[in-house]
Amino acid sequence: MQLITSVVYDRLNVFISDRETLAIIESNKSMDNKLIPGDDLFDSLGLATYSNSESTVSSYATIFDTLWIRSSISTDNQN
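**Concerning helix H2 (residues 54-78)**
Look at H2: 36 Å from first C-alpha to last across 25 residues, which is about the 36 Å you get at 1.5 Å a residue. Inspection of H2 places Val57, Ala61 and Ser71 among the buried residues, and these make up the whole buried set.

Spelled out as structure tokens, the structure:
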């Protein structure tokens with residue numbers, strides 16, 4: 001698991017399981033507007049998508065792999 005932050009759009013959470021299933025959950029709250037005790041978690045969630053389509057999951061997995069490599073290269077260059 002790796003957290004990749006972005007200044008462009010930070011409200012999507014993408015979960016890929018064994019390159020077979022995909023879940024995307026949108027948050028109604030930005031990173032600057034964090035949940036506080038007493039907030040209802042379900043109120044903070046927006047649209048959610050689930051897919052087990054091979055082509056859809058493969059596309060997102062390729063995007064994820066590319067981001068993972070770029071993040072690793074960036075981390076290595078900072079050290």
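**So, the packing of aromatic side chains**
Per the stated rule, a full pass over the model turns up 1 aromatic pair. With centroids separated by 5.6 Å and ring planes inclined at 50°, the aromatic side chains of Phe64 and Trp68 adopt a geometry described as tilted. Taken together, the residues Phe64 and Trp68, both in helix H2 and 4 residues apart, mark about one turn of the helix. For Phe64, a relative accessible area of 35% gives the class partly exposed. You can call Trp68 partly exposed: its relative accessible area is 31%.

**Topic: the sheet that holds strand S2 (residues 21-27)**
The sheet built from 3 strands is open, its strands ordered S1-S2-S3 with antiparallel pairing. The open sheet has two edge strands, strand S1 (12-17) and strand S3 (45-51), and neither has a second partner. Neighbour-to-neighbour, the strand axes of the sheet open up by a mean angle of 10°, direction not taken into account. Here S2 runs beside S3; their pairing, made up of 5 bridges, is antiparallel. Across the sheet, the residue bridging to Leu22 is Ser51, located in S3.

Here is what the cut-offs are and how they apply
Residues numbered from 1 in each chain as written. Predicted model: local features only at pLDDT ≥ 70, side-chain atom pairs only at ≥ 80, totals over all residues. Heavy atoms only, no water. Helix = DSSP H or I, 4+ residues; strand = E, 2+ residues; numbered from the N terminus. Expected span 1.5 Å × (residues − 1). Buried < 20%, exposed > 50% of the residue type's maximum accessible area, 1.4 Å probe, protein only. Phe/Tyr/Trp six-rings, centres within 6.5 Å; stacked < 30°, edge-to-face > 60°. Pairing = 2+ DSSP bridges. Axes fitted to C-alpha atoms, helices over the stretch in contact; angles between N-to-C directions.

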